[in-house]
Amino acid sequence: MGRRELRENIFKLLFLSAFNQEDEMPRQLELYFDNLEDLQDKDQIYMEDKFRLIMEKLQEIDGLLNEKSSGWKTTRMSKVDLTILRLAVYEIRYDEDVPTGVAINEAVELAKRFGQDESASFVNGILGAVAQE
């Protein structure tokens, strides 16, 4: 699996977590991975690890998003936009393997694909503010 496909699957896992209780997530992850075709062990491990790391930093990430998004608290954001932002902020702040520009560009592409008409510019604006720090 390429990085873009891995990132998209991590986005989907994070999105699942917005609708499931924490204790339900192990089963949800299992079901998700069971339905992926040609899944290699290394890809599943990578996705599970990154998902877990993002979830561990969720409070910090949401705090930063609330600080940088004037007038748009995380509680008011669409679940798709918020999920994309969480993934991208994690990559910008904590993942040394992902350059900031790549994290922003990939987030904008996810927003174009899964978000609403304004999602790409919304995501880009907030991530621009995060990256300036």
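What counts, and where the lines are drawn
- Residues numbered from 1 in each chain as written.
- Predicted model: local features only at pLDDT ≥ 70, side-chain atom pairs only at ≥ 80, totals over all residues.
- Heavy atoms only, no water.
- Helix = DSSP H or I, 4+ residues; strand = E, 2+ residues; numbered from the N terminus.
- Rg over C-alpha atoms; globule rule 2.2 N^0.38 Å.
- Buried < 20%, exposed > 50% of the residue type's maximum accessible area, 1.4 Å probe, protein only.
- Areas by Shrake-Rupley, 256 points an atom, 1.4 Å probe, with all protein chains shown as cover.
- Lys, Arg positive; Asp, Glu negative; His and termini not counted.
- Charge placed at Lys NZ, Arg CZ, Asp CG, Glu CD.
- Core = buried A, V, L, I, M, F, W, Y, C linked by side-chain atoms within 4.5 Å.
- Contact = heavy atoms within 4.5 Å.
- Phe/Tyr/Trp six-rings, centres within 6.5 Å; stacked < 30°, edge-to-face > 60°.
- Lys NZ or Arg CZ within 6 Å of the ring centre and 35° of its normal.
- Salt bridge = Lys/Arg side-chain N within 4 Å of Asp/Glu carboxyl O.
- Expected span 1.5 Å × (residues − 1).

**Concerning the overall build of the chain**
Of the regular secondary structure elements, the chain holds 7 helices and 0 strands. Listing every helix and strand of the chain by position from the N terminus yields α-α-α-α-α-α-α. Taking 133 residues into account, the globule formula puts the C-alpha radius of gyration at 14 Å, and the chain, at 14 Å, falls close to it. Taking the principal axes of its C-alpha atoms as reference, the chain extends roughly 40 × 30 × 25 Å. Looking at the chain residue by residue over its 133 residues, the buried ones come to 42%. On the chain, roughly 7700 Å² of surface is accessible, and the fraction owed to carbon and sulfur atoms is 45%. The average position of the 17 basic charges and that of the 27 acidic charges among the side chains of the chain differ by 5 Å.

**Thoughts on the nonpolar core**
Ranked by internal contacts, the top residues of the largest apolar core, which has 39 residues, are Ile 54, Ile 84, Leu 85 and Leu 127. Every element with two or more residues in this core is listed here: helix H1 (3-17), helix H2 (25-34), helix H3 (41-56), helix H4 (58-68), helix H5 (79-94), helix H6 (100-114) and helix H7 (119-132). Sequence-distant contacts of Leu 85, that is, excluding residues within four places in its chain, are made with Leu 65, Met 77, Phe 122, Val 123, Ile 126 and Leu 127.

**Description of the packing of aromatic side chains**
What the rule picks out here adds up to 6 aromatic pairs. The interplanar angle of 70 degrees and the centroid separation of 5.5 Å between the aromatic rings of Trp 72 and Phe 122 together place this pair among those described as edge-to-face. Of the two residues, Trp 72 sits in the loop between H4 and H5 while Phe 122 sits in helix H7, which places them 50 residues apart along the sequence. For Trp 72, a relative accessible area of 37% corresponds to the partly exposed category. Put simply, the rings of Phe 11, Phe 15, Phe 19 and Phe 114 touch in pairs and so form one group of aromatic residues. We note Arg 76 situated over the ring of Trp 72; from NZ or CZ to the ring centre the distance is 4.5 Å.

**Observations regarding the pattern of salt bridges**
If you walk through the whole model with that rule in mind, you get 15 salt bridges. Put simply, Arg 4, Arg 7, Lys 50, Glu 91, Asp 95 and Glu 106 are held in one network by salt bridges that share partners.

**Examining unusual backbone geometry**
One non-glycine residue, Asp 38, adopts positive backbone phi at about 55 degrees. Turning to its location among the elements, Asp 38 is positioned in the loop between H2 and H3. Since its relative accessible area comes to 72%, Asp 38 is described here as exposed.

**Some details on H5**
With 16 residues, H5 extends 22 Å from end C-alpha to end C-alpha; this agrees with the ideal 22 Å at 1.5 Å per step. Across the 16 residues of H5, 13 count as buried, placing the element largely inside the fold.

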